[in-house]
Amino acid sequence: MDSGAIDWTIVSIGIALASVGIALAGLILATTRGIRTDMRALSDRLDKRIDEQDAKLERLSERLGRQEQEQARMNGVLETLPERLGRLEQEQARMNGVLETIRDGLSYRVERGDRVAEASESYESQE
């Protein structure tokens, strides 16, 4: 081989290597673009998922707040129960006293022989 042929062989090999390099660069560029597109899609899905989770968390927080308010209200009711029970017991004792007084009065009248009106007589219209 003469030096001219060797030069053309080297040039041909250089051109072939440059073509392979260009093809590889194109492949790398296409792959990079595909990866970027996939990453954007994943990022969008992740953002959507985060937004959904934030909305769920917000609803749960609101629900927890309402439950805490209800618990505080119930605690307030529970705190007043002994006082309310005491008042009811006093009212019951008072009513028992009133009933006992009425019962004693009726017994006294019956013992004396007073006429006690029957239920039907007490509701008759007075003309």
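The coordinates are above.
Residues numbered from 1 in each chain as written. Predicted model: local features only at pLDDT ≥ 70, side-chain atom pairs only at ≥ 80, totals over all residues. Heavy atoms only, no water.

## Digging into the overall build of the protein chain
From N to C terminus, the protein chain includes two helices and zero strands. When burial is assessed residue by residue, the protein chain has 0% of its 127 residues classed as buried. When the accessible surface of the protein chain is totalled, it reaches about 11,700 Å², and 59% of it is carbon and sulfur. (Helix = DSSP H or I, 4+ residues; strand = E, 2+ residues; numbered from the N terminus. Buried < 20%, exposed > 50% of the residue type's maximum accessible area, 1.4 Å probe, protein only. Areas by Shrake-Rupley, 256 points an atom, 1.4 Å probe, with all protein chains shown as cover.)

## Let's talk about the pattern of salt bridges
For the coordinates displayed, the defined rule picks out four salt bridges. A salt bridge links Arg-87 to Glu-83; the nearest nitrogen and oxygen atoms lie 2.6 Å apart. Pair noted here: Arg-87 and Glu-83 are both in helix H1 (residues 3–112), with a separation of four residues, about one helical turn. Of the charged contacts, one joins Arg-94 and Glu-91 as a salt bridge, the two residues approaching to 2.8 Å between their closest N and O atoms. Of this pair, Arg-94 and Glu-91 both sit in helix H1, three residues apart, which is roughly one turn of that helix. (Salt bridge = Lys/Arg side-chain N within 4 Å of Asp/Glu carboxyl O.)

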